[in-house]
Amino acid sequence: MDILKIPAISEFCRTAELIHSRGWAERNGGNISLLLDEDLGSLAPIRKLPVGCPGGLEGRYIAITGSGKYLRNVPRDPESNMGIFRICRDGVELLWGLKDGSGPSSELAAHLNCHSVRLNVDPAHRAVIHTHATNLVAMTFVHPLNDRDFTRTLWSLLTECIMFLPDGVAVLPWMPCGTEETGRATAEKMKESRIVVWAHHGVFSSGTSAEDALGLIEVAEKAAEIFLKISHLPILSKIDDSRLLDICKVMNIVPRNGYLSIPESPE
Ligand code: 13P
Ligand code: ZN
């Protein structure tokens with residue numbers, strides 16, 4: 001089987017290039033994973049890594065960037081910079097790639113846990129992306145780190161933000177990266193919100209395709225950029241809750257429960 005002909009692999013390479021071109025992948029920053037629909041049962045395992053397998057993933061195939069690999073190098077040499085694994089109950093088996101002997105991203109636990117919870121919510125789910133989106137990271141130093149306030153600020157700064165992120169943006173306080181605990185905490189937040197900001201580090205996002213997951217980061221990142229450009233200036237006009245509710249009505253969107261204040265109906 002010619003792995004490089006699998007459509008998800010070109011999508012993977014294109015996404016790596018795009019993230020790098022945005023400046024969100026300094027050195028080896030960021031990682032990508034995609035669940036594959038192809039049957040790769042004919043590929044013999046090259047080596048196995050013992051890791052916990054969260055529910056619903058056993059027997060699935062996942063493409064993921066390698067640990068320490070620069071996203072900008074993925075398109076030019078996929079076989080060295082990414083790997084395809086079979087997910088087993090007690091670990092992951094490398095079937096293709098990572099030919100220099102390196103392992104999968106240090107954020108494997110976060111990717112696996114996020115895939116597991118998102119598949120429960122949406123069977124069409126396929127992609128998880130982690131990037132070091134500059135403005136979102138900057139915002140975590142100067143904005144309260146709770147899901148509702150963070151979301152409300154982003155929604156109020158870009159008209160279409162609420163349309164694409166109606167479930168809001170979740171935020172995790174700073175935690176060490178690359179651990180099971182952080183992976184599980186990220187997935188816990190992802191049950192409700194497809195995008196989770198890691199304070200002072202980056203963002204995780206999920207979607208039905210890499211483009212879908214990246215699109216969410218682009219929207220949140222643009223709103224964060226506007227926040228940093230205007231938050232120190234006198235504000236003369238706003239997208240307030242009544243305007244946000246108008247957008248929801250026109251676009252038929254249900255915003256996250258309790259995030260907008262509903263105006264009191266006249267007696
Ligand atoms: P990896 O190179 O192991 O994927 O780590 C990059 C990163 O961004 C860790 O959070
Ligand atoms: Zn990171």
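Use the structure listed above.
Novice: Looking at this structure, how should I read the site of ligand 1?
Specialist: As a matter of local geometry, ligand 1 sits amid Asn28, Gly29, Gly30, Asn31, Ser67, Gly68, Ser105, Ser106, Glu107, His130, His132 and His201. One nitrogen or oxygen atom from the side chain of His132 is found 3.0 Å from an oxygen atom belonging to ligand 1. Within the side chain of His201, an N or O atom sits 3.1 Å from an oxygen atom of ligand 1. Applying the majority rule of atoms within 2 Å of the grid points places ligand 1 in the second largest pocket. When grouped by side-chain class, the residues that make up the shell around ligand 1 number no nonpolar, 11 polar and one charged.

Novice: Looking at this structure, how should I read unusual backbone geometry?
Specialist: Outside of glycine, negative phi angles account for most residues, and trans bonds account for most peptide bonds. A positive phi is found at His200, a non-glycine position, where the angle reads about 60 degrees. The topology assignment puts His200 in the loop between strand E8 (195–198) and strand E9 (202–207). Even without glycine at this site, Asn252 takes up a positive phi of about 60 degrees. Relative to the assigned elements, Asn252 resides in the segment after helix H9 (241–251). A relative accessible area of 72% places Asn252 in the exposed class.

Novice: Would you mind going over the side chain of Thr151 with me for this structure?
Specialist: Mapped onto the secondary structure, Thr151 falls in helix H5 (residues 147–155). Given the relative accessible area of 0%, Thr151 is considered buried.

Novice: Got a minute to help me understand the environment of Thr159 in this structure?
Specialist: In this fold, Thr159 is placed in the loop between H5 and helix H6 (161–164). Since its relative accessible area comes to 45%, Thr159 is described here as partly exposed. C-alpha of Thr159 to C-alpha of Phe12: the two residues are 147 residues apart in sequence and 30 Å apart in space.

Novice: When you look at the coordination of the zinc ion (ligand 2) in this model, what are you seeing that I'm missing?
Specialist: Note on metal geometry: ideal angles are 109.5 degrees for four donors arranged tetrahedrally and 90 or 180 degrees for six donors arranged octahedrally. Ligation of the zinc ion (ligand 2) by protein atoms is provided by His130 (NE2), His132 (NE2) and His201 (NE2), these donors lying 2.1 Å from the ion. Positions of the donor residues of the zinc ion (ligand 2), expressed as sequence spacing, correspond to H-x1-H-x68-H. Taken together, the residues span a long stretch of sequence, with His130 in strand E6 (residues 127–131) and His201 in the loop between E8 and E9 at a distance of 71 residues. The buried category is assigned to His201, whose relative accessible area is 17%.

Novice: Help me understand the nonpolar core, please; the structure alone is not making it clear to me.
Specialist: Within the largest apolar cluster, 58 residues are counted, with the highest numbers of intra-cluster contacts made by Ile9, Leu40, Leu136, Leu154 and Leu165. At 10 residues, the largest contribution of residues to this core is made by helix H8 (residues 210–230). Among the nonpolar cores identified, the runner-up in size contains 13 residues, and Ala110, Ala170, Ala185 and Met190 belong to it.

Novice: What is the right way to read the packing of helix H3 (residues 108–121) against helix H7 (residues 180–190) from this model?
Specialist: Interhelical geometry of H3 versus H7 gives an angle of 25 degrees and a closest axis separation of 8 Å. As summarised for this structure, H3 and H7 are arranged roughly parallel, according to the angle between their axes. Considering how the two elements wind past one another, H3 and H7 form a crossing that is right-handed. Where H3 abuts H7, its residues Ala109, Ala110, Asn113, Cys114, Val117 and Arg118 lie against Glu180, Gly183, Arg184, Thr186, Ala187 and Met190.

Novice: Could you clarify how one ought to interpret the pairing of E6 in this entry?
Specialist: For a regular strand, side chains alternate in direction, first toward one face of the sheet and then toward the other. In terms of burial, E6 is largely enclosed, as five of its five residues are buried. Burial along E6 is two-sided: Ala127, Ile129 and Thr131 and Val128 and His130, pointing in opposite directions, are all buried. By the bridge criterion, four bridges tie strand E1 (residues 31–36) to E6 in an arrangement that is antiparallel. When the sheet's bridge partners are listed, Leu34 is paired in E6 with Ala127.

Novice: Honestly, the packing of aromatic side chains in this entry has me stumped. Any pointers?
Specialist: Each aromatic ring pair is summarised here by two numbers: the centre-to-centre distance and the angle between the ring planes. Counted under the stated rule, the structure contains two aromatic pairs. A ring pair is formed by Trp155 and Tyr259, whose centres lie 5.9 Å apart and whose planes are at 55 degrees; its orientation type is tilted. Pair noted here: Trp155 is in helix H5 and Tyr259 is in the segment after H9, with a separation of 104 residues, a long-range link. The residues Trp155 and Tyr259 share a single accessibility class, namely buried. Between the aromatic rings of Trp198 and Phe204, the centroid separation amounts to 4.7 Å while the plane-to-plane angle is 35 degrees, which identifies the pairing as tilted. Note on accessibility: Trp198 and Phe204 belong to one class, buried. Residue placement shows Arg22 over the ring face of Trp24; its charged tip is 5.8 Å from the ring centre.

How each quantity is defined
- Residues numbered from 1 in each chain as written.
- Chains lettered and ligands numbered in written order.
- Predicted model: local features only at pLDDT ≥ 70, side-chain atom pairs only at ≥ 80, totals over all residues.
- Heavy atoms only, no water.
- Near = heavy atom within 4 Å.
- Polar contact = N/O pair within 3.5 Å; in protein donor to acceptor, adjacent residues only side chain to side chain.
- 1 Å grid on protein atoms, 1.4 Å probe; cavity = no way out; pocket = protein on both sides within 12 Å on 5 of 7 lines; lining within 4 Å.
- Sits in = over half its atoms within 2 Å of the grid points.
- Nonpolar A, V, L, I, M, F, W, Y, C, P; charged D, E, K, R; others polar.
- Helix = DSSP H or I, 4+ residues; strand = E, 2+ residues; numbered from the N terminus.
- Buried < 20%, exposed > 50% of the residue type's maximum accessible area, 1.4 Å probe, protein only.
- Donors = N, O, S within 2.8 Å, 3.2 Å for Na, K, Ca; no water.
- Core = buried A, V, L, I, M, F, W, Y, C linked by side-chain atoms within 4.5 Å.
- Axes fitted to C-alpha atoms, helices over the stretch in contact; angles between N-to-C directions.
- Parallel < 35°, antiparallel > 145°, perpendicular 65-115°, else oblique.
- Left-handed = near helix turned anticlockwise from the far one by under 90°.
- Contact = heavy atoms within 4.5 Å.
- Pairing = 2+ DSSP bridges.
- Phe/Tyr/Trp six-rings, centres within 6.5 Å; stacked < 30°, edge-to-face > 60°.
- Lys NZ or Arg CZ within 6 Å of the ring centre and 35° of its normal.

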